[in-house]
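Listed below, chain by chain, are the residues.
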Amino acid sequence: EGMALPQRITSPPEKICMEWQQGQRPGAGLLNLGNTCYINVILQCLTYTPPLANYLLSHEHSRSCQQQGFCMMCTMEAHVRKVLCSPASAILPGAVLRDLKCKLLRQFFFFSFPSFRGELLNSFLVIGEEFEYGRQENAYEFLRCALSAMQRACLRGCCDVDISSQTTTIIHQIFGGLMKSRVTCLSCQAVVDSYKAFLDVSLDIRAASSLTTVLEDCVTPKELDQKECFRCIKCKRKAAASKRVTVHRAPQVLTLCLERADQRTGTKISKFVEYPEHLDLRPYMSDTAGEPLLCSLYAIVVHTGDTCLEGHFLCYTKASNGLWYKMDDEFVDSCDIHTALGQQAYLLFYAR
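Residues numbered from 1 in each chain as written. Predicted model: local features only at pLDDT ≥ 70, side-chain atom pairs only at ≥ 80, totals over all residues. Heavy atoms only, no water.

## A look at the layout of surface pockets
At step 1: Computed from the structure, the largest pocket encloses a volume of approximately 1,100 Å³.
At step 2: Met179, Asp200, Val201, Ser202 and Val245 are the residues nearest the centre of the largest pocket, which is lined by 42 residues in total.
At step 3: Of all the elements in the fold, those that place two or more residues in the lining of the largest pocket are α8 (139-155), β1 (177-185), β2 (191-198), β3 (201-204), α11 (211-218), β4 (222-223), β7 (241-249) and β8 (253-259). (1 Å grid on protein atoms, 1.4 Å probe; cavity = no way out; pocket = protein on both sides within 12 Å on 5 of 7 lines; lining within 4 Å. Points joined across faces, edges and corners; volume = space filled by probe spheres on them. Helix = DSSP H or I, 4+ residues; strand = E, 2+ residues; numbered from the N terminus.)

Written out as structure tokens, the structure is:
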């Protein structure tokens with residue numbers, strides 16, 4: 001449909017395993033080393049992304065990586081292995097540790113490798129020049145930077161890779177999808193389609209009360225204003241037109257950002273936006289016919305604080321044992337799905 005086929009497949013989709021290959025209790029919490037909660041929540045959400053964790057635990061990337069120096073994929077592989085496969089995976093609940101009030105136990109169970117943690121933090125800070133140690137940063141920006149760094153690591157060593165082939169890496173195979181933009185001439189009904197690859201979707205929640213209403217609004221055709229002049233190829237002149245954006249190819253893992261910063265006023269949007277445990281993507285696809293495309297919620301990032309420029313990030317994740325946990329830096333506490341669904345969510349992670 002107007003899209004070029006990739007000249008090469010850098011990572012076959014058959015390598016993706018959406019189900020956890022083994023069920024276990026949650027791994028380690030992460031110490032906050034000075035306003036690093038925005039890093040911690042993203043690391044935890046990525047660690048509990050089943051297809052990514054399965055791939056990283058297979059050591060496939062590191063076995064063939066020839067990169068000298070920093071490699072984001074190798075760094076993430078080491079991190080996930082440390083968190084999920086260390087003695088800290090036999091972690092005591094955070095509430096128990098707080099009751100014990102034993103600093104030594106807390107350090108051992110939650111993160112028994114502080115030197116690795118410090119090296120890891122330094123590595124993550126180099127992936128984006130905008131991040132500064134000790135300063136409060138945005139978790140969504142770090143997520144995008146981390147995915148971009150992993151994508152670059154997957155392409156390193158591949159010369160002259162065309163754009164279509166770049167969307168066949170393991171990162172795009174997991175997080176990537178295609179958006180379709182259809183512009184329709186309101187005079188002659190001629191259409192022009194274009195496509196854009198994405199790794200995450202940002203949503204305007206100012207007028208919404210639920211995630212489904214936001215998504216419904218996104219796929220509703222909207223008339224272009226006069227600043228977006230459309231020259232119809234059939235009418236041979238500028239004409240009024242409407243634009244509709246749909247998901248053309250759904251990702252295996254859908255990452256959604258509920259924009260909490262009001263673009264007009266800069267203030268934080270603190271209202272609750274309802275989101276489901278299971279989401280059907282079919283109504284928002286280019287082709288709405290066919291079987292439902294069901295996704296299940298497995299991770300949530302929450303921002304607390306009065307403004308978007310300060311505050312604290314924590315997350316809720318679903319571990320490989322099927323149970324939900326609240327992860328607030330080094331503290332890991334069990335919770336239920338109702339608690340997870342009742343948060344003022346900032347980032348939502350859904351897996352097919």
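## Quick notes on the nonpolar core
At step 1: Judged by nonpolar contacts, the single largest core of 54 residues is most densely connected at Ile42, Leu46, Met73, Ile171, Phe175, Val301 and Leu347.
At step 2: Per-element tally for this core: the top contributor is α8, with ten residues.
At step 3: Ignoring sequence-local partners within four residues, the contact set of Ile42 consists of Ala139, Phe142, Leu143, Val301 and Leu347.
At step 4: If you look at the next biggest cluster of nonpolar residues, it comprises 36 residues, including Leu256, Leu279, Leu293 and Ile300. (Core = buried A, V, L, I, M, F, W, Y, C linked by side-chain atoms within 4.5 Å. Buried < 20%, exposed > 50% of the residue type's maximum accessible area, 1.4 Å probe, protein only. Contact = heavy atoms within 4.5 Å.)

## Structural notes on α11
At step 1: Along α11, the residues that are buried comprise Leu211, Val214 and Leu215. On an axial view of α11, the arc spanned by its buried residues comes to 95°, and they lie on one face.
At step 2: Lining the buried residues of α11 we find β3, β8, β9 (278-280) and β14 (345-351). (Arc of directions from axis to C-beta.)

## Notes on the pairing of β7
At step 1: Here β1 runs beside β7; their pairing, made up of eight bridges, is antiparallel. Directly across from Ser181, in β7, lies its bridge partner Val245.
At step 2: Sheet topology places β4 next to β7; two bridges connect them, and they run antiparallel. Bridge pairing in β7 places Lys222 opposite Lys243. (Pairing = 2+ DSSP bridges.)

## Regarding the sheet that holds β2
At step 1: Strand order in the open sheet formed by four strands is β2-β1-β7-β4, with antiparallel pairing between adjacent strands. On the outer flanks of this sheet lie β2 and β4, each paired with one strand and no other.

## Quick notes on the confidence of the model for the chain
At step 1: In this model, the chain carries an average pLDDT of 83, and 80% of its residues clear a pLDDT of 70 or more.
At step 2: This model gives residues 87-117 a pLDDT under 50, and the stretch forms 68 contacts once residues within four places in sequence are excluded. (pLDDT = per-residue confidence, 0-100.)

## Details of unusual backbone geometry
At step 1: Unusually for a residue other than glycine, His59 sits at a positive phi of about 65°.
At step 2: With respect to the helices, strands and loops of the structure, His59 is situated in the loop between α2 (50-57) and α3 (60-64).
At step 3: In this structure, Asp329 is a non-glycine residue whose phi angle is positive, near 55°.
At step 4: Along the polypeptide, Asp329 turns up in the loop between β12 (324-328) and β13 (331-335).

## Observations concerning the packing of aromatic side chains
At step 1: A complete count under the given rule lists four aromatic pairs for this structure.
At step 2: Here the aromatic rings of Phe272 and Tyr275 are separated by 6.4 Å at their centres, their planes lie at 50°, and the arrangement is tilted.
At step 3: For Phe272, a relative accessible area of 43% translates into the label partly exposed. (Phe/Tyr/Trp six-rings, centres within 6.5 Å; stacked < 30°, edge-to-face > 60°.)

## Some points on the state of the cysteines
In protein structure, a disulfide is the covalent linkage between the sulfur atoms of two cysteines.
At step 1: All chains considered together, the criterion is met by zero disulfides.
At step 2: No disulfide involves Cys65; its sulfur sits 3.7 Å from the nearest other cysteine sulfur, which is in Cys74. (Disulfide = S-S within 2.5 Å.)

## Considerations on the pattern of salt bridges
At step 1: Tallied over the entire structure, the rule returns seven salt bridges.
At step 2: Between Asp217 and Lys222 there is a salt bridge, with the nearest N and O atoms lying 4.0 Å from each other.
At step 3: Exposure remark for Asp217: the relative accessible area of 44% places this residue in the partly exposed category.
At step 4: Given a relative accessible area of 37%, Lys222 falls into the partly exposed group.
At step 5: Overlapping salt bridges bring together Lys180, Arg182 and Asp193 as one network. (Salt bridge = Lys/Arg side-chain N within 4 Å of Asp/Glu carboxyl O.)

## Notes on the environment of Glu310
At step 1: Note that Glu310 resides in the loop between β10 (294-304) and β11 (312-318).
At step 2: What makes Glu310 partly exposed here is its relative accessible area of 44%.
At step 3: Taking C-alpha positions, Glu310 is 9.6 Å from Arg135, a pair spaced 175 residues apart along the chain.
At step 4: In this structure, Glu310 is in contact with Gln136, His303, Thr304 and Gly305, ignoring residues within four places of it in sequence.

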